[in-house]
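Descriptive structure summary
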Amino acid sequence: MAFQGKKLINNPDDVVTEFIEGLVETYPGLQYLDGFPQIKVVLRADVERGAYDKVAVISGGGSGHEPAHAGFVGSGMLTAAVSGDVFASPPVDSILAAIRAVTGPMGCLLIVKNYTGDRLNFGLAAEQAKSEGYKMEMVIVGDDCALPPPRGIAGRRGLAGTILVHKVAGAAADAGLSLADVAAEAKHASEVVGTMGVALSVCTLPGQVTSDRLGPKQMELGLGIHGEPGVAVVDLQPVDVVVEHVFKQILSQETQYLPITRGSNAVLLINGLGATPIMELMIAARKAVPELQLEYGIAVDRVYTGTLMTSLDMAGLSITIMKSDENILKRLDAPTKAPAWPVGSEGNRPPAKFPVPVPPSPSVKDDEILAQPQELSKQGCILEAAIEASATEIINLKDILNEWDGLGDGDCGTTMYRGATAILEDMKKRYPMNDAAGTINEIGATIRRVMGGTSGILYDILFKAAYASLKQSTTVTANEWADALEASVAAVSKYGGASTGYRTMLDALIPASTALKQRLKAGEDPVTAFIASSEAASAGAESTKQMQAKAGRSSYIAPDLLASIPDPGAMAAAAWYRAAALAVKNKLHGSKS
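Before going into details, it helps to say that this report is about the structure given with it. (Residues numbered from 1 in each chain as written. Predicted model: local features only at pLDDT ≥ 70, side-chain atom pairs only at ≥ 80, totals over all residues. Heavy atoms only, no water.)

**Some remarks on the sheet that holds strand S3 (residues 56-63)**
Pairing in this open sheet of six strands is mixed, and the strands run S1-S2-S4-S3-S5-S6 from one edge to the other. Strands at the two margins of the open sheet, each flanked by one partner only, are strand S1 (30-32) and strand S6 (136-141). Neighbouring strand axes in the sheet, compared pairwise and without regard to direction, differ in orientation by 25° on average. Pairing analysis gives five bridges linking S3 to strand S4 (residues 80-86), with the strands arranged parallel. What sits directly across from Gly60, in S4, is Val82. Running over the sheet, helix H4 (residues 161-174) touches S3, strand S5 (108-113) and S6 and is turned about 175° from S5. Here helix H5 (residues 179-191) sits on the sheet and contacts S5 and S6; the angle it forms with S6, its principal contact strand, is near 5°. (Pairing = 2+ DSSP bridges. Helix = DSSP H or I, 4+ residues; strand = E, 2+ residues; numbered from the N terminus. Axes fitted to C-alpha atoms, helices over the stretch in contact; angles between N-to-C directions. Contact = heavy atoms within 4.5 Å.)

**Here we look at the packing of H4 against H5**
Packing of H4 against H5 leaves a shortest axis separation of 9 Å and a crossing angle of 160°. The pairing of H4 with H5 is recorded here as roughly antiparallel in orientation. As for the relative orientation of H4 and H5, their crossing is right-handed in sense. Here H4 contributes Val165, Val168, Ala169, Ala172 and Ala173 to the contact with H5, which in turn contributes Val182, Glu185, Ala186, Ala189 and Ser190. (Parallel < 35°, antiparallel > 145°, perpendicular 65-115°, else oblique. Left-handed = near helix turned anticlockwise from the far one by under 90°.)

**Some thoughts on the pairing of strand S10 (residues 265-272)**
The buried fraction of S10 is high, at seven of eight residues. Both S10 and strand S11 (residues 299-306) contribute to a ladder of seven bridges, which runs parallel. By the bridge assignment for S11, Ile270 is matched with Thr305. Crossover connection from S10 via helix H7 (residues 278-295) to parallel S11: handedness right-handed. Sheet topology note: the S10/strand S12 (residues 316-323) ladder contains seven bridges and is antiparallel. Opposite Gly272, over in S12, you have Leu317 as the bridge partner. (Buried < 20%, exposed > 50% of the residue type's maximum accessible area, 1.4 Å probe, protein only. Right-handed = clockwise from strand over helix to strand, strands pointing away.)

Shown next as structure tokens:
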């Protein structure tokens, strides 16, 4: 069943004129001839009628290919663009109006895509202009490489390669060349460019029904920019396979559409046909460049990727290859104010890859894993016991944490379990246990490697902030540990946006940090202070049963559903903190209270 295509338009008959009105409102350097609805011409606002002292370059054709052609009007490119109705050649009177508006004594070059209606209308306008005394030349672009060489007079269709011809001709005209020389450069460019399109859908004309010619798992090779059928309808293929096929067609030695051989240089244009996301175009570009260079031995001088010549809302792309030389590159790199020409594409191509910067204090690399067991200092033994106890406690709590997280993702326990098991695995071979700061840094590296989601990044921040605090001290005392915990809590609060009462792990860690600081400041024994702070952490975690969540996914859940259920993140933090405190106490004081 066919459906009328959905469009953000008013009257389908007004789409071209309203597009032009919006274009000139957007770009002050453009104007249009006041001849709507018959005459639809966009021209440079800085060109004074009859006084332009350079060759005027005019192109155009049926509308529906935006931004072509009006989007390429500007200094260094087109002087004017003539628009017909959607997919209809512009009338002779419109073309003549454009010629008269911008052509000065240097003459005018018409660049025409190879379609019968365009050739006839632009050709008749050129002859009429000549009879009025204008110097005229016309270059026809037929860059389509999808179809076999035609036996009749129709010739190859004009496609996105026309845009590159516009740029070459416009830059040559802007440089002050004569009409003959501008036409010669444009003709040469048209002879060394080839294009092939691939479509995933057929375009829908304004006010018309959507075509169902292509099934949901089909694509069409060589589809024209007016929706006319291509070479073949085939099953949908990965884009890498599509690129390979397109190159094989454009560079075919049988058709010899392009005079490009191994050792040549080329320019590459990856063009979206209207409804193709830039992501997909870039995926094609990433395959196209090495394919040309490695498989065909063709050096790629420039790459232009974007939506330049469309077919209304067609999903798909076209790929254009133009043989390049020093002069063509000079014309392509020349400045232009045409709004649709891709910005920042001029200049030589640097290497695509840049090495990842090495951090100033990198964590232990795989080839630097401790070759033999360390002889641990007293502090190293205590730290090892605390880490082992904390990780083991989290492993034992996996199921209950997942249960408490049942109204959220239901994976808190699983995520924490991943981190804990990895820490136990890494601690024997990676952690420099005699170096407290270094060990904390490595725990952060472990967590970053294996824990996902918000909890993973928050714990990574927690340990990274602790490391930054601890590494400033030559000897790590209880006060340094308290400072590190305080810095960690502050960092998690800063970047996570939560604080006390938000129903997060900070509801356990903030009370712990506060109690530890206060008791140490009062001169209490460090182990006793640690145990007391762990009790504060547990109490804080339990208090989350009465809290309304203000952070994380729990904040989207109705408060009555969370009632009597503690926050799993807070309970996990309290659990490993309590386990560490008890391990330190047992290591230093044995089983004594």
